[in-house]
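# Summary of the model geometry
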Amino acid sequence: MSLASPAEASRLAAVRRYAALETTSGAAFDRVAALAARIFRAPFATVTIVGDDTVRVIAAHGLPPRRGLVESLCAAAVRHGGPYVVEDAWLHPEAAGDPAVHGEPGIRFHAAALITTPDGEALGSVNVMDVRPREAGDEELACLRDLAGLVMDELEVRLATQRTVEVERELRAGAERLARTLQRTLLPPALPRVPGLRAAAAYHPVSADEVGGDFYDLFPLDGDRWGFFLGDVCGKGADAAALTSLVRYTLRAAAVYDADPHAVLANLDAVLQQEHAGGEAPVPYCTAVFGVLQPDGDGFGVTLATGGHPPALAVRANGAVEPIHPAGGQLIGILRNPRFAQVSARLNAGDALLLYTDGLTEARTPSGSMLDEDGLTAYLAAAGPTSADDLLTTVHDLITALGAGVSDDTAVLALSVPPATRTPSSGSLGAA
Amino acid sequence: MQHDNGLTVSLQSPTSGPRLLVVAGDLDHHTTPRLRAVLEEVEFGPGADLVVDLSGLTFCDSTGIATLVAAHQRAADAGAALLLAGLDSDIARVFQIMGLDQLLSLYDSPEEAVRALSE
């Protein structure tokens, strides 16, 4: 029956539209079949959908009738295009050769009411069968039509629900794609190559769907100086992403204007305070570390300012771990007259510096306590002298080991000065 | 991590001494609006102080912190004191890293905070 008439093709299109919905739950249709049998005081009732060359029985009451009968009588009902009654199949040409009529269970009576879509396509029928010939009363047929109407209503509700779910899923997927794309624009795709320095960064999201507000960057300043920062904007989602963008560009612009780390954070604070002047509570704010690297001999001078951010940790060439942390830096963008503290230090050959967001230090250890700066320091100390890349691996291992104890995104920026190359044995003066 | 401890906020106004706001449970994005609503109803003025008992606080995210900071600033503007008491050591540590220990007055217990106000 593949060469269907245009009318049949249109009907089959309607059948396909509802196809997945019949199978989701048969309970409602089973009740319809049981009710139909009861109304007619008949042993068998079915709900059938007539497809291209198959008739699907989506609900049955009593013994499931043989397939041959279903095909001939139900398909005939759909073709007939209205309520369809066979009072005695023995006298009916459509059922003449049907084994279910002449053999077991010996069907003689058949009545069907069409399941019709709102746009008039017949999907199938609700059918009642009996083993004795009989007539169908008007009242019984009216009930059968109502039951067929109920089946259609149920299919319509399921179709509407499915469409709503699909639309919602599409909208959600679109929003998540946008958020992830936006987030990628907030993180530098690759860190620049800084002569004499190794740099590496990573982002460890807790959820693939939700955008966090962690950010970092490393970029050239005037002369041979380099600026870097890492921070965390309060909140999650699109608002946090927008704020992260503002923070990132403000930090870079402020550093061009005046690279003094304390001044950069004060500038960011002023911008954020203006941003939400008179706005809704709670106001957005952030924590950040901002630093400037100045090449100095075989290492770098580092000047760091912090605003409410956990301490940067230096892993020295001898494996000692120490915070490079000016005391007293406060949250950025929310306080009146906030303090931003600044400190200077050196990164010598073999030293590494780790900046991280509080997703790491506020993670819970298996004992239930917060990892904190002390726990992180102990973990880094156990790993020994390191490089930027190895430091990222160490942090990655730690985050993996903490597992579900990590409840917030973590951004990590690692900087290191390669160890001094030793001239083997001879003791001669190597090229500087 | 799921923070599903809920949040309870109750304001007590004793006949003498400062008002006491008892906050217990998780203070997060979902629950903070309830605390903010209660705090916004509190009228501050010279001598009309508030002690916030946070000893039952199990979690505090950035929105909770912003709300406490905003209330503190409103109290300060009105010439009143807003004192925080009974912070869990982990949350106190987070406040310290954010530099909030320099701004907010933190006390071990509500009793200690009340005593500090009467001195």
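Below: a short report on this structure. Values in this document were obtained by computation on a predicted structure and should not be read as measured data. (Residues numbered from 1 in each chain as written. Chains lettered and ligands numbered in written order. Predicted model: local features only at pLDDT ≥ 70, side-chain atom pairs only at ≥ 80, totals over all residues. Heavy atoms only, no water.)

### As for the overall build of chain B
Assigned secondary structure in chain B consists of four helices and five strands. Reading the helices (α) and strands (β) of chain B from amino to carboxyl end gives β-β-α-β-α-β-α-β-α. Taking all 119 residues of chain B together, 50% fall into the buried category. Long-range pairs, those at least 24 residues apart, make up 67% of the contacts in chain B with a sequence separation of at least 6. With the model as given, the accessible surface of chain B reaches about 5600 Å², and the carbon-plus-sulfur share is 49%. (Helix = DSSP H or I, 4+ residues; strand = E, 2+ residues; numbered from the N terminus. Buried < 20%, exposed > 50% of the residue type's maximum accessible area, 1.4 Å probe, protein only. Contact = heavy atoms within 4.5 Å. Areas by Shrake-Rupley, 256 points an atom, 1.4 Å probe, with all protein chains shown as cover.)

### Some words on the packing of aromatic side chains
Residue and element names in this part refer to chain A. Taken as a whole, this structure holds five aromatic pairs over all chains when the rule is applied. Measuring from centroid to centroid gives 6.2 Å for F40 and F109, while their planes differ by 40°, and the two rings are tilted. One end of the pair, F40, is in helix α2 (residues 27-40); the other, F109, is in strand β4 (residues 109-116), and 69 residues separate them in sequence. Judged by its relative accessible area of 1%, F40 is buried. Connected via pairs of aromatic rings, a cluster forms that spans F215, F219, F229 and F290. (Phe/Tyr/Trp six-rings, centres within 6.5 Å; stacked < 30°, edge-to-face > 60°.)

### Topic: the interface of chain B and chain A
At the junction of the two partners, chain B supplies 19 residues and chain A supplies 24 residues. Of the roughly 1900 Å² buried where chain B meets chain A, counting both sides, 55% is carbon and sulfur surface. Applying the counting rule to chain B against chain A returns four salt bridges. Taking the shortest distance from any N to any O, the salt bridge between R93(B) and E373(A) comes out at 3.0 Å. (Buried area = accessible area lost by both parts, 1.4 Å probe. Salt bridge = Lys/Arg side-chain N within 4 Å of Asp/Glu carboxyl O.)

### Topic: the sheet that holds strand β2 (residues 55-61) of chain A
All names here are of chain A. Pairing is antiparallel in the open sheet, where five strands are placed in the order β2-β1-β5-β4-β3. What marks the edges here is a single partner per strand, and that holds for β2 and β3 (84-86). Pairwise comparison of adjacent strand axes, ignoring direction, gives a mean angle of 20° for this sheet. The sheet strands contacting α2 are β1 (44-50), β2, β4 and β5 (122-130), and the helix crosses β2 at an angle near 65°. (Pairing = 2+ DSSP bridges. Axes fitted to C-alpha atoms, helices over the stretch in contact; angles between N-to-C directions.)

### Quick look at the nonpolar core
Nonpolar side chains tend to gather and get buried jointly when the protein is soluble and globular. Counting 35 residues, the largest nonpolar core has I65(B), F95(B) and L100(B) as the members making the most contacts within it. Listed by contribution, the elements that provide at least two residues to this core are β2 (19-27), α1 (32-41), β3 (50-60), α2 (62-77), β4 (82-85) and α3 (89-97) of chain B. With six residues, the top contributor of residues to this core is α2(B). Setting aside residues up to four positions removed in sequence, L100(B) forms contacts with L331(A), L335(A), I65(B), V69(B) and F95(B). Counting 31 residues, the second-largest nonpolar core is a separate cluster that includes F40(A), V47(A), A113(A) and I115(A). (Core = buried A, V, L, I, M, F, W, Y, C linked by side-chain atoms within 4.5 Å.)

### Some details on the pairing of β3(B)
Residues and elements named next belong to chain B. Looking at chain direction, β2 and β3 are connected through eight bridges and run parallel. In the sheet register, D26 faces β3, and the bridge partner there is F59. In this region the chain leaves β2, passes through α1 and returns to the parallel neighbour β3; the handedness of that crossover is right-handed. Both β3 and β4 contribute to a ladder of four bridges, which runs parallel. Bridging from a neighbouring strand, L50 pairs with L82 of β4. You can see the chain leave β3, run along α2 and come back into β4, and the turn it takes is right-handed. (Right-handed = clockwise from strand over helix to strand, strands pointing away.)

### With respect to the sheet that holds β3(B)
All names here are of chain B. Pairing in this open sheet of five strands is mixed, and the strands run β1-β2-β3-β4-β5 from one edge to the other. Of all the strands in the sheet, just β1 (7-12) and β5 (105-107) have a single pairing partner and so form its edges. Sheet twist, expressed as the average angle between the axes of neighbouring strands with direction ignored, equals 20°. Direction of pairing for β1 relative to β2: antiparallel, over a ladder of six bridges. Its bridge partner lying in β2, L7 is registered against G25. Strand contacts of α3: β3, β4 and β5, with the helix running at about 105° to β3, the strand carrying the most contacts. Contacts between helix α4 (residues 110-118) and the sheet are confined to β2, β3, β4 and β5, with β3 contributing the most and set at about 155° to the helix.

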